[in-house]
Amino acid sequence: MAIIPVRDEAHWHELRAANIGGSDVAALLGISPYKSKWQLWMEKTGKLEVADLSTNTAVQAGTFLESGIANWASHRWNMDLSKVTDYYTAEDVAGMGASLDYITQTNKPAEIKWSARGHGWQYDGDKITEAPEYYLIQVQHQIACLNANGIEADSGWLIALIDNEPRRMLVPRHDGVVAAIREAITSFWVSVIASQEPDPDFSLDGDAIAKMFGTLPMAEVELDSDAAPLFAKYLDATATEKLAKESKEALKAELLYLGAEKLKGSNQSTEKAIVRCGDHKISISTIAPNFGTEVTTEMVGTRINARKGYQTVRIS
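Residues numbered from 1 in each chain as written. Predicted model: local features only at pLDDT ≥ 70, side-chain atom pairs only at ≥ 80, totals over all residues. Heavy atoms only, no water.

As for the overall build of the protein chain
Helices and strands together make up the secondary structure of the protein chain, namely eight helices and 13 strands. Taken over the C-alpha trace, the protein chain has a radius of gyration of 26 Å; the compact-globule value for 316 residues is 20 Å, which it surpasses by more than 25%. With the C-alpha coordinates aligned to their principal axes, the bounding extent of the protein chain is approximately 75 × 65 × 55 Å. Looking at the protein chain alone, contacts between residues at least 24 apart form 65% of all its contacts between residues at least 6 apart. As displayed, the protein chain offers around 20700 Å² of accessible surface, 54% of which is attributable to carbon and sulfur atoms. Placing the 31 positive and 43 negative side-chain charges of the protein chain at their respective mean positions leaves the two points 9 Å apart. (Helix = DSSP H or I, 4+ residues; strand = E, 2+ residues; numbered from the N terminus. Rg over C-alpha atoms; globule rule 2.2 N^0.38 Å. Contact = heavy atoms within 4.5 Å. Areas by Shrake-Rupley, 256 points an atom, 1.4 Å probe, with all protein chains shown as cover. Lys, Arg positive; Asp, Glu negative; His and termini not counted. Charge placed at Lys NZ, Arg CZ, Asp CG, Glu CD.)

Some details on the pairing of strand β9 (residues 155-162)
Within β9, seven of the eight residues are buried, which leaves it mostly tucked inside the rest of the structure. Bridge analysis of strand β6 (residues 109-113) against β9 gives four bridges, and the strand direction is parallel. Among the inter-strand pairings, Ile112 is bridged to a residue of β9, identified as Ile159. Pairing of β9 with strand β10 (residues 165-172) involves eight bridges; the strand directions are antiparallel. Within β10, the residue paired with Ile162 across the bridge is Glu165. Hairpin connection, β9 to β10: the antiparallel pair is bridged by two residues, and Asp163 has positive phi, about 50°. (Buried < 20%, exposed > 50% of the residue type's maximum accessible area, 1.4 Å probe, protein only. Pairing = 2+ DSSP bridges.)

Observations regarding a nonpolar patch on the surface
Taken together, Phe213, Leu216 and Met218 make up a surface patch of nonpolar side chains, about 350 Å² in accessible area. With respect to the helices and strands, Met218 occurs in the loop between α7 (206-212) and α8 (228-263). Classification of Met218 by relative accessible area gives exposed; the value is 66%. (Patch = residues over 30% accessible without salt bridge, like charges linked within 9 Å, V, L, I, M, F, W, Y side chains within 5 Å. Salt bridge = Lys/Arg side-chain N within 4 Å of Asp/Glu carboxyl O.)

Structural notes on the packing of aromatic side chains
Counted according to the given criterion, the structure contains four aromatic pairs. Ring centres of Tyr34 and Tyr134 lie 5.9 Å apart, and the angle between their planes is 80°; this geometry places the pair in the edge-to-face category. Placement of the pair is Tyr34 in the loop between α2 (22-28) and α3 (37-44) and Tyr134 in helix α5 (residues 133-148), with a sequence separation of 100 residues. Judged by its relative accessible area of 59%, Tyr34 falls in the exposed class. Within the aromatic cluster, the residues linked to one another by ring pairs are Tyr34, Trp121, Tyr134 and Tyr135. Its end group placed over the ring of Tyr102, Lys83 keeps NZ or CZ at 5.1 Å from the ring centre. Here the basic side chain of Arg167 rests over the ring of Tyr123, its NZ or CZ set 3.9 Å away from the ring centre. (Phe/Tyr/Trp six-rings, centres within 6.5 Å; stacked < 30°, edge-to-face > 60°. Lys NZ or Arg CZ within 6 Å of the ring centre and 35° of its normal.)

Let's talk about the sheet that holds strand β4 (residues 97-99)
In any sheet, the strands associate via hydrogen bonds between backbone groups, in a parallel or an antiparallel arrangement. Strand order across the open sheet formed by three strands is β1-β3-β4, with antiparallel pairing between neighbours. Among the strands making up the open sheet, the edge pair consists of β1 (2-5) and β4. Within the sheet, the average angular offset between the axes of one strand and its neighbour, ignoring direction, is 25°. Pairing of strand β3 (residues 86-89) with β4, which is carried by three bridges, proceeds in the antiparallel orientation. Residue pairing in the sheet places Tyr88 in a bridge with Ala98 of β4. Most of the contacts of α5 go to β4, to which it runs at about 115°, and overall it touches β3 and β4. (Axes fitted to C-alpha atoms, helices over the stretch in contact; angles between N-to-C directions.)

Quick word on the pairing of β6
On any regular strand, side chains alternate: one points to one face of the sheet, the next to the other face. Burial analysis of β6 places five of its five residues in the buried class, the great majority of the element. The alternating pattern of β6 places Pro109, Glu111 and Lys113 on one face and Ala110 and Ile112 on the opposite face, and all of these are buried. Where strand β5 (residues 102-104) and β6 come together, two bridges link them in antiparallel fashion. Residue Tyr102 lies in a different strand from β6, and its bridge partner there is Ala110. Hairpin remark: β5 followed by β6, antiparallel, with four residues in the connecting loop; positive phi at Asn107, about 65°.

Things to note about a negative patch on the surface
Residues Glu220, Glu222, Asp224 and Asp226 make up a contiguous surface patch of negative charge. Turning to its location among the elements, Asp226 is positioned in the loop between α7 and α8. Judged by relative accessible area, which is 61%, Asp226 ranks as exposed.

So, the nonpolar core
Ranked by size, the top nonpolar core spans 46 residues in total, and within it Ile20, Met96, Trp121, Leu158, Ile185 and Phe188 carry the most contacts. Counting residues per element, the ones that place at least two in this core are α2, α3, α5, β9, β10, α6 (175-193) and α7. In terms of residues, this core owes the most to one element, α5, which gives nine residues. In contact with Phe188, not counting residues within four places along its chain, are Ile20, Leu28, Lys37, Leu40, Trp41 and Lys44. (Core = buried A, V, L, I, M, F, W, Y, C linked by side-chain atoms within 4.5 Å.)

This is the structure in structure tokens:
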């Protein structure tokens, strides 16, 4: 058992790098929409640099909004939530660790999400009835790490800001899922020791593979002839993409023309034009020009951030 006080951010990153954490598990099990098992393997073995997300707007938003959501949840449901500053490792599963957001007085981990929208989320009142699988797996992983340290957590909370209000789901411990997580982590580190690199997922790993080229020598090499069909398929896809874009622009122009013909007969003028057709809609807004900001005495007469006015069109 090991509950490790986190000294500072550098120490936290060090612990995360040495363990499979809650945000890694979905990639490990092949259910993450953001990262594959291959990319995770490459990062943990040091063959691919972990992206620095400290300046990412979404990550920053999560950092600053997390405490507000937790405080709101505490107020709404009278939950006694405490911020967790320790790192939990499971010594019976080497390389398994969890960094929790909050924990309740009854030892339930509480995972906070601020951008809960889109596919996978459903709710009924305050209760979340459906959540993305990769978040549910994260809660199961946290429960498992608490259990490994002798803490009786039979469930955990998933708290999310949905439609501008906090909503929550109680996630019961699932023994089968916990066992699968523990087994997958063990197998992962065995593959690392044996240098058995998993196959990449080309639908997810394009950016990571391109990034890897920055660590390779620049030279001229020859692929085997069986790679030729991939070039052909790529060029076909590129041509299809170009035709689809041209078709899209032509359809947009035709719709705008029809809208313009209708607007000619209108005797009113507002900031935004709306063209409807049943459930479909075109919104046309005019963005005012920005003449920039005049700065410093040395730069008198010059302007920065200037732009011409333009219109935005949204077809929905």
